[in-house]
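Each chain, written out:
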Amino acid sequence: MAEWDHVTDVVVIGTGAAGLGSALTAREQGLDVLILEKGQMVGGTTSLAGGGMWIPNNHFMREEGIADSADEAYRYLDHVVGNEGPATSPARRRAFVDTAPIAVEFYEKVGMRFRRTPGYPDYHPDEPGGSKVGRGIESQIFDMRKIDQYSDRLVRRAFPRNMPMGTLDVAKMVLARRTLTGALTYARIFAHFIWGKVTRRKLAGGGAALVGQLLYQTMRRNIPLWTESPATDLIQQGDRVVGVVVEHEGKTVRVQARRAVHLGGGGFARNAEMRKRYQPAPVTGAWTSASPSDTGNAIMLGIAAGAATALMDEAWWGPASVLPSGVGVFHVSERSKPGSIIVDQNGARYMNEAQSYVDAVHAMFKHQKDGAGGIPSWLLFDQRYRKHYPFGTLLPGSTPRQLVEAGYFKRANTIEELAALIQVNPSKLRATVERFNAMARSGVDSDYSRGANVYDRYFGDPRIKPNPCLAPLVKAPFYAVALYPGDLGTKGGLVTDEDARVLRPDGSVIEGLYASGNTTASPMGRRYPGPGCTLGPALTFSYRAMMHAAQNRPTSSTGSSSSALDTSPRTLASAVRR
Ligand SMILES: Cc1cc2nc3c(=O)[nH]c(=O)nc-3n(C[C@H](O)[C@H](O)[C@H](O)COP(=O)(O)OP(=O)(O)OC[C@H]3O[C@@H](n4cnc5c(N)ncnc54)[C@H](O)[C@@H]3O)c2cc1C
């Protein structure tokens, strides 16, 4: 048997943002690339995402005259993320803020189209360096027909499958029953959807459009993609990774990667064993919204090659409910809408319900650890809330009887009866609701400051005054839904440096091995600084990785030519212009 069955420069593992971003970058630097996808479906968790990308100091902001800078963003990350070990090192944070806008210009240069998400603020807008107007961008609406055979093979949610809408549209649409802008947005999206059908296009927005665009650009460049081809092992020569073992078309195939192997295989949200081993109890992965493909393979490949890991106890957390079918529903806007509160198993409030989703789950864990019964917690709301706002994918006002009978919605005519249904002390719950109602009427949550910053208010209801996040719970029936520590995926993984090279526990580089996205420990540490803080860094570090690999020509099978490469932003910028 020949030593290699297939030879290329770069082997990319995964068809999410991390994998496809690195494939495109490598190809544009003149390298031969092979993309591997373990499943028949493509796009991973990326294709399920809202698709926002946090890109500080991006050119859209500059064009609109909005002041921002890498220094401001760095200052913000310094305050919000802080020092959480090697993943969040100053060098990596600096690399991210310096390169993110350059990377976006690169992706545009290869043919992708983005737009700003104005008004979606940083999640801690009042921290030093925080932005109240937002640093996010997203994919423009994309016609999935362009990706031909893959258009029906994206991992997708039932809704908004094939809907031509973006991040900002979602925030407006949830107010369709409350504001003219909301109603008009709803009508526009629906008309666009119908127009797409009439013109036989498959219009999509969000993460699906992002994957669609990335995939389309790899197809235009004839980059081979092997689906149903899991990478099962990394091949090392001496200290260097030089190839991959792949299960392909019923055979075990050895693929040489002359320049690099890039791990973009996502995290381990769906691997119950890893979640039990690394994450806080009682997390098992049952409450995640990540793709079924998110089973930790790429992280395990890295560990087997000697890589260090960090932040393995973390995830892109968010309070989630679980439908009787077992599907997790990640709740963002529902927690900010007026007429709702979150209580623990003693019927007490214990957090600002509208805060960032990651912080909300940290509060749940802490409460649980303190013995106060935070898991599950209960999201309580009244009939007015149910009438005005969607809940998960349920339209306003629609509360299917089956969901009540199955116990997903607890429903009662009085707060005391509701307390009995959720096994909470009735007088305690009554006292909590009365205290909250009084604060809601005054517009000031003196306990947890809900609605005090622009992030909280972004998902509020502007028709409710004086605080768009606060309204009393007064109109029967009253509802309760159990909340668990859900997530959008995990954020711990392989430790990488500022060029996305995978590191050993002693800090040395595993030559030839790069990683980005949820396969790696996140530069965002334990926080979620702003909209798109998983996809923004994923695409940025994929870009840095392959810019580095393109310059880093190995001199022998066991070593590399140089470790003193100039990957400064200036060099990267000139590479983009080339
Ligand atoms: C509902 C939802 C909304 C979200 N919204 C946002 C948002 O707006 N902004 C944001 O920044 N983030 C968002 N996220 C999070 C974001 O989607 C993920 O963090 C991100 O997509 C991870 O990208 P990735 O490329 O690392 O992994 P993935 O997109 O999961 O891709 C990994 C791919 O690798 C493949 N793979 C794994 N192992 C192997 C192997 N051994 N061989 C071959 N292939 C393999 C997998 O099958 C998969 O296709 C959201 C997530 C969800 C669930």
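In the block above lies the structure referred to throughout.
In this text the structure is predicted, and so the values were computed from the model without any measurement.

Asker: Mind showing me how you'd approach the packing of helix α4 (residues 90-109) against helix α16 (residues 535-551) here?
Answerer: A pair of packed helices is captured by two measures, namely the crossing angle of their axes and the spacing between those axes. Taken N-terminus to C-terminus, the directions of α4 and α16 make an angle of 85°; their axes are 8 Å apart at the nearest point. When the axes of α4 and α16 are compared, the pair comes out roughly perpendicular. Contacts from Arg92, Ala95, Phe96, Thr99, Ala100, Ile102, Ala103, Phe106 and Tyr107 of α4 reach α16 at Gly536, Pro537, Leu539, Thr540, Phe541, Ser542, Tyr543 and Arg544. Here the residues of the contact of α4 with α16 sort into 11 nonpolar, four polar and two charged.

Asker: Would you take a moment to explain the site of the ligand for this structure?
Answerer: Taken together, 35 residues surround the ligand, and among them Glu37, Thr46, Asn518, Thr534 and Leu535 come closest. Here Lys38 contributes a backbone N or O atom positioned 3.0 Å from a nitrogen atom of the ligand. Side-chain polar atom of Thr534 to an oxygen atom of the ligand: 2.7 Å apart, as the coordinates give it. For the shell around the ligand, the residue count by class is 12 nonpolar, 20 polar and three charged.

Asker: In this structure, what is going on with the packing of aromatic side chains? I would like to understand it.
Answerer: The geometry of an aromatic ring pair comes down to the distance between the two centres and the angle between the two planes. In the structure shown here, the tally under the stated rule is 29 aromatic pairs. Note on Trp316 and Tyr528: the rings are 5.3 Å apart at their centroids and 80° apart in plane angle, and the pair reads as edge-to-face. Residue Trp316 is located in strand β13 (residues 315-322), and its partner Tyr528 is located in the loop between β21 (509-515) and α16; the two are separated by 212 residues in the primary sequence. A relative accessible area of 4% places Tyr528 in the buried class. Among the aromatic side chains, those forming a connected cluster through ring pairs are Tyr120, Tyr123, Trp316, Phe330, Tyr357, Tyr455, Tyr458, Phe459 and Tyr528. Positioned over the ring face of Phe541 is Arg92, at 4.7 Å from the centre of the ring. Positioned above the aromatic ring of Tyr389, the side-chain terminus of Lys337 is 5.9 Å from the ring centre.

Asker: I'm lost on the nonpolar core in this one. Help?
Answerer: Soluble globular proteins: nonpolar side chains tend toward being buried together. Core analysis: the biggest nonpolar cluster contains 105 residues, and Tyr107, Phe114 and Phe409 have the highest contact counts within it. Per-element accounting of this core gives the leading share, nine residues, to α4. Beyond its immediate stretch of four places on either side in the chain, Phe409 contacts Phe381, Phe391, Leu394, Thr399, Leu403, Val404, Tyr479, Ala480 and Val481.

Asker: Quick question: what am I supposed to make of empty space enclosed by the protein here?
Answerer: Once rolled over the atoms, a probe with the size of a water molecule shows which space is left empty. One pass over the full model with this rule turns up three cavities of 30 Å³ or more. Here the largest cavity is characterised by a volume of approximately 90 Å³. With three residues, α16 is the largest single contributor of residues to the lining of the largest cavity. Taken together, the residues of the lining of the largest cavity sort by class into seven nonpolar, six polar and one charged.

Asker: Explanation requested: the pattern of salt bridges in the structure shown.
Answerer: Between side chains of opposite charge, pairing is possible as soon as their charged atoms come close. Following the criterion strictly, the structure yields 33 salt bridges and no others. Of the charged contacts, one joins Arg526 and Glu84 as a salt bridge, the two residues approaching to 3.2 Å between their closest N and O atoms. Taken together, the residues span a long stretch of sequence, with Arg526 in the loop between β21 and α16 and Glu84 in the loop between α3 (70-80) and α4 at a distance of 442 residues. Looking at Arg526, the relative accessible area reads 25%, which means it is partly exposed. Via salt bridges that share partners, Glu84, Asp313, Glu314 and Arg526 belong to a single interconnected network.

Asker: Even after reading the chapter, I still don't get the layout of surface pockets, so can you show me in this structure?
Answerer: Its boundaries defined by the atoms lining it, the second largest pocket holds a volume of some 240 Å³. Lining the second largest pocket we find 13 residues, and of these Ala171, Lys172, Leu175, Tyr458 and Pro462 sit closest to its centre. Counting residues per element, the ones that place at least two in the lining of the second largest pocket are α5 (167-173), α6 (180-198) and α15 (454-458). Sort the elements by how many residues they give to the lining of the second largest pocket and α5 lands first, with three residues. In terms of residue class, the lining of the second largest pocket is made up of seven nonpolar, four polar and two charged.

Asker: Please clarify how a nonpolar patch on the surface should be interpreted in this entry.
Answerer: Taken together, the side chains of Phe190, Ile194, Trp195 and Val198 define a hydrophobic patch exposed on the protein surface, amounting to about 430 Å² of accessible area. Turning to its location among the elements, Ile194 is positioned in helix α6.

Asker: Any chance you could explain unusual backbone geometry here in plain terms?
Answerer: Working note: non-glycine residues mostly have negative phi, and peptide bonds are mostly trans. Omega for the peptide link from Ala281 to Pro282 comes to 5°, which places this bond in the cis form. Looking at the secondary structure, you find Pro282 in the loop between α8 (272-278) and α9 (297-304). In the Ramachandran plot, Ser449 falls in the positive-phi region, its phi being about 60° despite a non-glycine side chain. Summarising the element assignment, Ser449 is placed in the loop between α14 (426-442) and α15. In this structure Ser449 comes out as partly exposed when scored by relative accessible area, which is 41%.

Conventions and cut-offs
Residues numbered from 1 in each chain as written. Predicted model: local features only at pLDDT ≥ 70, side-chain atom pairs only at ≥ 80, totals over all residues. Heavy atoms only, no water. Axes fitted to C-alpha atoms, helices over the stretch in contact; angles between N-to-C directions. Helix = DSSP H or I, 4+ residues; strand = E, 2+ residues; numbered from the N terminus. Parallel < 35°, antiparallel > 145°, perpendicular 65-115°, else oblique. Contact = heavy atoms within 4.5 Å. Nonpolar A, V, L, I, M, F, W, Y, C, P; charged D, E, K, R; others polar. Near = heavy atom within 4 Å. Polar contact = N/O pair within 3.5 Å; in protein donor to acceptor, adjacent residues only side chain to side chain. Phe/Tyr/Trp six-rings, centres within 6.5 Å; stacked < 30°, edge-to-face > 60°. Buried < 20%, exposed > 50% of the residue type's maximum accessible area, 1.4 Å probe, protein only. Lys NZ or Arg CZ within 6 Å of the ring centre and 35° of its normal. Core = buried A, V, L, I, M, F, W, Y, C linked by side-chain atoms within 4.5 Å. 1 Å grid on protein atoms, 1.4 Å probe; cavity = no way out; pocket = protein on both sides within 12 Å on 5 of 7 lines; lining within 4 Å. Points joined across faces, edges and corners; volume = space filled by probe spheres on them. Salt bridge = Lys/Arg side-chain N within 4 Å of Asp/Glu carboxyl O. Patch = residues over 30% accessible without salt bridge, like charges linked within 9 Å, V, L, I, M, F, W, Y side chains within 5 Å. Areas by Shrake-Rupley, 256 points an atom, 1.4 Å probe, with all protein chains shown as cover.

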